[in-house]
Amino acid sequence: MTDAVAADFLPILAAETPRRSFVVSLHDVAPRTRDVSQKILETLRDAGVRTTSLLVVPNYHKKESATGDENFVSWLRDLEERGHEIVIHGYFHERPRRSREGLREKFMTRFYTQDEGEFFDLDYEESLARITKARDEFKAARLSPIGFVAPAWLLSDAAERAARDAGMQYTTRIDSVLDLLTHEREPTRSLVYSTRSQWRRAASLGWNAALARILEMRDLARLSIHPPDFEVRKIWAQILSCVERFSRTRNPTTYRDWIAGQRTNRKAA
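Everything numeric in this text was worked out from a predicted model, so none of it was measured.

For this particular structure, what's the right way to read the overall build of the protein chain?
Check the secondary structure of the protein chain and you find nine helices and nine strands. Put simply, the protein chain has 269 residues, and 55% of those count as buried. A fraction of 75% describes how many contacts in the protein chain between residues 6 or more apart in sequence connect residues 24 or more apart. Just so you have it, the protein chain exposes about 12,500 Å², and 50% of that area is on carbon and sulfur atoms.

See below:
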């Protein structure tokens, strides 16, 4: 794929109804990623997206407590006041390897997500404990998350039930958004990139160019950004192209506000 194609891959979009929405989520927000996350948010703002869903890791790889860093919490509060949404993103964002894992488990937790599929096969009790702990820590820090998104979107059925029982109002997977209160599921696959190797970067550029065209037909378009995306020139150029075009034809919003709008629309119907 040429640089030109990578940077400008979407055709001019037809005019769309105001009902169509665009959610940009920033993943793996933590004290260690604050600086690059701030740069990403500033660039998104200049490109037309002023509110995002911020997926905050409570204790990234068991090395730093998000709510234990007062400067970080103050930064999050300020973003929340400006319309961004705080989302609970796992708890540790890591899954220790286990003995006697099958090929599927190894593929999903090692190759696909590099040992970060924390809730891939976590049982109900531990899932509930971690989500509840995150919820309480965020609440004590005067943050107001209503959504839970598992790392790499790998969420077992038991963990989904735990998220609902912990009072979370929605979750997302790579191919859908689920209202945990009404059980309504919106099928829409998120644009997302992998930067871990050259072949993954090339595959991401091609796949997301095609997927973006498909998303033109969806009421909800989703873009998921990870901090390393900002450092890869071709990928960041494609992301900005997507942001600029979708934000001109859709309403940039958060998962929280999109869910609220869907509930209102259903009541009015």
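Picking up where we left off.
Mind showing me how you'd approach the pattern of salt bridges here?
Proximity of charged atoms lets side chains of opposite charge pair with each other. One pass over the full model with this rule turns up twelve salt bridges. Of the charged contacts in the structure, one is a salt bridge between Arg-32 and Glu-64, with a shortest N-O distance of 3.2 Å. Within this pair, whereas Arg-32 is found in the loop between strand E1 (21–29) and helix H2 (34–46), its partner Glu-64 is found in the loop between strand E2 (53–56) and helix H3 (70–81), the two being separated by 32 residues in sequence. By relative accessible area, Glu-64 is classed as buried at 16%. We note a salt bridge from Asp-257 to Arg-256, for which the minimum N-O separation is 3.1 Å. By relative accessible area, Asp-257 is classed as partly exposed at 39%. Its relative accessible area of 22% is what places Arg-256 among the partly exposed residues. Salt bridges sharing common partners tie together Glu-118, Glu-126 and Arg-130.

Mind showing me how you'd approach the pairing of E2 here?
As a general feature of sheets, a regular strand has side chains that alternate between the two faces. Neither face of E2 is open: one carries Ser-53 and Leu-55, the other Leu-54 and Val-56, and all of them are buried. Summarising the sheet, E1 and E2 pair through three bridges and their orientation is parallel. What sits directly across from Ser-25, in E2, is Ser-53. This β-α-β element, E1 to H2 to E2, shows right-handed connectivity. Bridge count for E2 against strand E3 (residues 85–88) is four bridges, and the pairing is parallel. Looking at E3, one finds that Leu-55 is bridged to Val-87. Assessed by its sense of winding, the connection that carries the chain from E2 through H3 to E3 is right-handed.

What am I meant to see in the packing of helix H5 (residues 124–140) against helix H6 (residues 157–165) here?
Relative placement of two packed helices is described by the angle separating their axes and the distance separating the axes. It is the contact of H5 with H6, at a shortest axis distance of 8 Å, that shows an interaxial angle of 40 degrees. As the angle between them shows, H5 and H6 are arranged oblique. Both H5 and H6 take part in a crossing whose hand is right-handed. For the pair H5 and H6, the contacting residues are Tyr-124, Ser-127, Leu-128 and Ile-131 in the first and Ala-158, Ala-159, Arg-161, Ala-162, Ala-163 and Asp-165 in the second. Split by residue class, the contact of H5 with H6 holds seven nonpolar, one polar and two charged.

Where do I start with the sheet that holds strand E5 (residues 176–179) in this structure?
Strands pair in a sheet through their backbones, by hydrogen bonds, and they do so in one of two ways: parallel or antiparallel. With antiparallel pairing, the three strands of this open sheet are ordered in space as E4-E5-E6. In the strand order of this sheet, the two ends are held by strand E4 (170–173) and strand E6 (185–187), each with one partner. Here the average twist between neighbouring strands, direction ignored, is 15 degrees. The pairing of E5 with E6 spans three bridges and is classified as antiparallel. Note on E6: the bridge partner recorded for Leu-178 is Arg-185. Packed onto the sheet, helix H9 (residues 255–268) meets E4, E5 and E6 and runs at close to 65 degrees relative to E5.

What exactly am I supposed to notice about unusual backbone geometry here?
What you tend to see is this: most non-glycine residues have negative phi, and most peptide bonds are trans. In this model, Ala-152 sits at a positive phi of 60 degrees, which is unusual for a non-glycine residue. Among the secondary structure elements, Ala-152 is positioned in the loop between H5 and H6. Of the residues examined, Ala-152 reaches a relative accessible area of 22% and is grouped as partly exposed. One non-glycine residue with positive phi stands out, namely Trp-153, at about 65 degrees. Judged by its relative accessible area of 8%, Trp-153 is buried.

How each quantity is defined
Residues numbered from 1 in each chain as written. Predicted model: local features only at pLDDT ≥ 70, side-chain atom pairs only at ≥ 80, totals over all residues. Heavy atoms only, no water. Helix = DSSP H or I, 4+ residues; strand = E, 2+ residues; numbered from the N terminus. Buried < 20%, exposed > 50% of the residue type's maximum accessible area, 1.4 Å probe, protein only. Contact = heavy atoms within 4.5 Å. Areas by Shrake-Rupley, 256 points an atom, 1.4 Å probe, with all protein chains shown as cover. Salt bridge = Lys/Arg side-chain N within 4 Å of Asp/Glu carboxyl O. Pairing = 2+ DSSP bridges. Right-handed = clockwise from strand over helix to strand, strands pointing away. Axes fitted to C-alpha atoms, helices over the stretch in contact; angles between N-to-C directions. Parallel < 35°, antiparallel > 145°, perpendicular 65-115°, else oblique. Left-handed = near helix turned anticlockwise from the far one by under 90°. Nonpolar A, V, L, I, M, F, W, Y, C, P; charged D, E, K, R; others polar.

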